[in-house]
Every structure is written in C-alpha cells, then in structure tokens.
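# Breakdown of the fold
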Amino acid sequence: MDYVQEFREFSKKMMSRVEGFGVLKAELKNDVDHLLTRVERAQRDIDYFESAKESPTTCVEIDEDLVVQQLIEQEESKQKVKLMLNASCSDMLAGIKSLKIVKKAGDIHGSWLKDAGKISPKIYFFTGIKNKTVVEFANIRAFTESGEKQLARRINLPFPWQGTGHAIYQGFLFYHKYGSVNEIIKFDIQKRNVTNKMRLSAAGETPVYALSPFTKIDLAVDELGMWAIHVEPGTAKKLVLTKLNHETLAAEYTWDTSCKSENAEAAFMMCGALYVVYNSPSGGTSRIECTYDTLDIISPYEVPGIHFPRRQTSHSMVHYYPREKQLFAWDNGSQVLYKLLTKQKS
C-alpha cells in the first residue's frame, strides 16, 4: 500500500503548487481540481478493494469511515454552494400558460435569444447548428416584420458555433466552438472580439440530449447566473450540471443529476433547478418529466409531467428568461414563446 500513500502525497503537493501559481488561468486550476477529484474517488475504491483482500473486518471498518467522511464532505459542500448561489430565488415551474408562434424562419434547427442579464429589446437570430453569422434585430417587432430586415445587423463571429446551446448574458455571447470537443467562447457583441475562452472538462464527447444530438454543450441562464448542461463519460448518460462564473468562465461547482439524456430534446434552468424536456423519437407532445434542484428544495416528485400546449413539437432549443417568466424555443423551424406559470418553492 506504499504507492497509495505516495500518490496521496503527490496529489497534495500538486494541489499546493497549483494553488500557488497565481498567474495561471482559472480554467487550468479547475481542470486539475476536477481531475484530482476523480482520481481521489478512484483511489478510494482501490483502497476499499485492497483492504477487502486482507481482512473482512478491516474492510467493514474502512467502508464505514469512508461513508461517514463522504457524508460530512457532501454536507459541507452543499452549505458552501447554497451560500455561493445566495439561495434567495424561490420560484419554481407550475405549468405552461400559453404559447405564441412569433415567426417561422431559418433552418429546422437553430436558436433565437435575447440578453438574459440586461434590459434590452434586441433579438439575436442563430440559424443552423453550424454557422458563424448572427443576425441582430432592434426588437421583436423588427424581427417579426419581414419588411424591417434592412434594420438587422449581421455579426460575423471569429469561429463557427456548434449545436444550439448558445447564451447571451451581460452583453456577451457564449457558445460552443465548432470543431472543438469542449471549448466555450466568450464574445463581446458590442466590440466584436473574443474576450475569454475555456475548456469544460469531461464535456463535449457525448450529446446532451439524445433527440438533439448536434448539441454537445448547452449553456443556460437563470436568476442565479450561467450554467452549462452536458454529459460526462461514466455517468450512464445522465445530465451533468456545472455552475459557471460568467466573468472568468471558471467552473464553480458540478452536480451529477438524475435526469437521463435518452429521449430528451432540450432543458432550461429556473432558480437553480434544471427542467428537462422529453419527447418521442418519432415526434409528439413535448413534456417536462425530470427536475433536479441544486438547492435540494424541490422534490423530484413535486413537478409532475408538464406538457407543452401543442400536440406536435420538436424543440432544438429552449431558454428561460427570468424577467418575463417566458421560454424562448425553436420548434421545427418556428420561433415560439411560452408564457409560464410559477409558484413558490415549498
């Protein structure tokens, strides 16, 4: 068991060195932290099985110690996260009140967005799952009226996007760079330049949603800030949720959710809770069948299956906007608005 002790000392030494390198980018530290966490989990399993070979009694004692330690760490971690998220947001989804088909334009798949962090009427139009030209409209009226197209502004990105999981927040566009496994670009819309980028560790190898296989990383915004929804190897194709710092793009915390990717087509965040939209592979009525609350307030059984109003839907993106309590969605080439019913978390 000498190699186990040596490995632990090496891990601690590496962590102390990483923490001391103030000049390193935050993404490097996040990657190392994430890797060491996974290695530590694997090392615990190795310790367990090694002890099992030596003595059944010792095995039980070590196992109990590990369980107690893990429970303590989980509880401490939860408290830190709740403080970090400033758990003052108490809204949860109660139903979908109505829908409005705003327009039918562009490809079958795409995204249409507004800035979720600023009071701005501007609409941004992303057609296709791979493109590098965004069309900006002054407001939703200019977007809906074809005669106002001359007022639109075309924004050419330095790199094309991948999928439909983009987000606009505080004047910046965040998107998954096409051709990369997990690189997220932060683009200043006004100045038209890249201000930051990061690699989301372990993401991008598997589609987030089985029914929208073109999206490998889905970025979302709610009352608590920016999130990345993705799938990691070894999670049985269940969705993983990562809280991102929108200024530095640092990954602040990661949750393994209970929501499956199978038959999922999209998802959105509201008050720190993930709502996953499912459908049938052959098409049908979209419905919310899985909820995961990072603050552990909403029970998974508290939100029954909520169906979308239309009988036939096929969403390639669904984004939530806190101020209006609305969902922006792209339904088979149509740009749709859904008004939501909310209630207080119990």
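Model, not experiment: these values are computed from the prediction.

### Section: the side chain of Lys103
Relative to the helices and strands, Lys103 is located in strand S1 (residues 91-104). Notably, Lys103 is buried but unbridged: the nearest opposite-charge side chain belongs to Glu145, and the N-O separation is 9.8 Å. In terms of polar contacts, Lys103 uses its side chain to reach the backbone carbonyl oxygen of Phe143, at 2.6 Å.

### Points about the pairing of strand S8 (residues 183-188)
The two faces of the sheet receive side chains in turn, since in a regular strand these alternate between them. In terms of burial, S8 is largely enclosed, as six of its six residues are buried. Alternating positions in S8 separate into two faces, Glu183, Ile185 and Phe187 on one and Ile184, Lys186 and Asp188 on the other, with burial throughout. Here five bridges tie strand S7 (residues 172-176) to S8, and the two strands are oriented antiparallel to one another. Opposite Tyr175, over in S8, you have Ile185 as the bridge partner. With antiparallel pairing between neighbouring strands as the criterion, S7 and S8 make up a hairpin whose turn holds six residues, including Gly179 at a positive phi of roughly 90°. Two strands pair when backbone bridges link them, and S8 and strand S9 (residues 193-199) are joined in this way by six bridges, in the antiparallel orientation. Within the sheet, the bridge partner assigned to Phe187 lies in S9 and is Val194.

### What about the confidence of the model for the protein chain?
When the pLDDT values of the protein chain are averaged, the result is 83; 74% of them are 70 or greater. Across residues 20-34 the pLDDT falls below 50, and counting only partners more than four positions away or on other chains, this stretch makes 16 contacts in the model. Low confidence marks residues 55-61, where pLDDT is under 50. Its contacts with residues over four positions away, or in another chain, come to three contacts.

### Overview of the nonpolar core
Counting 43 residues, the largest nonpolar core has Trp112 and Leu173 as its most contacted members. Phe268, Tyr292, Ile306 and Leu327 belong to the second-largest nonpolar core, a separate cluster that totals 42 residues.

### Re unusual backbone geometry
Backbone geometry at Arg192 places phi at a positive 60°, although glycine is not the residue there. Take Arg192: it is sitting in the loop between S8 and S9. Residue Ala236 is not a glycine yet carries a positive backbone phi of 55°. With respect to the element layout, Ala236 can be found in the loop between strand S11 (225-231) and strand S12 (238-244).

Reading guide: rules and limits
Residue numbers here run from 1 along each chain, matching the order of that chain's written sequence. Whole-chain, interface and lining totals are the exception, using all residues; otherwise, since this is a predicted model, local features are given only for residues with pLDDT of at least 70 and side-chain atom pairs are given and counted only at 80 or more. The basis for the side-chain values is all heavy atoms of the structure; hydrogens and waters are excluded. By the criteria applied, helices consist of DSSP H or I runs no shorter than four residues and strands consist of E runs no shorter than two, each listed in order from the N terminus. Accessible area is worked out with a 1.4 Å probe on protein chains only. A residue is then buried under 20% of its type maximum, exposed over 50%, and partly exposed in between. Residues scored as charged are limited to Lys and Arg (positive) and Asp and Glu (negative), so that His and the chain ends carry no count. We count a salt bridge whenever a side-chain nitrogen from Lys or Arg sits within 4 Å of a carboxyl oxygen from Asp or Glu. We call two N or O atoms a polar contact when they sit within 3.5 Å, provided that within protein one can donate a hydrogen and the other can accept it, with sequence-adjacent residues counted only if both atoms are side-chain atoms. Two strands pair if DSSP finds at least two bridges between them. Values of pLDDT, ranging from 0 to 100, describe the predictor's confidence in every residue of the model. Working rule for contacts: check all heavy atoms of both residues, and any pair within 4.5 Å makes them a contact. Residues belong to a common nonpolar core when they are buried Ala, Val, Leu, Ile, Met, Phe, Trp, Tyr or Cys residues joined through side-chain atoms within 4.5 Å.

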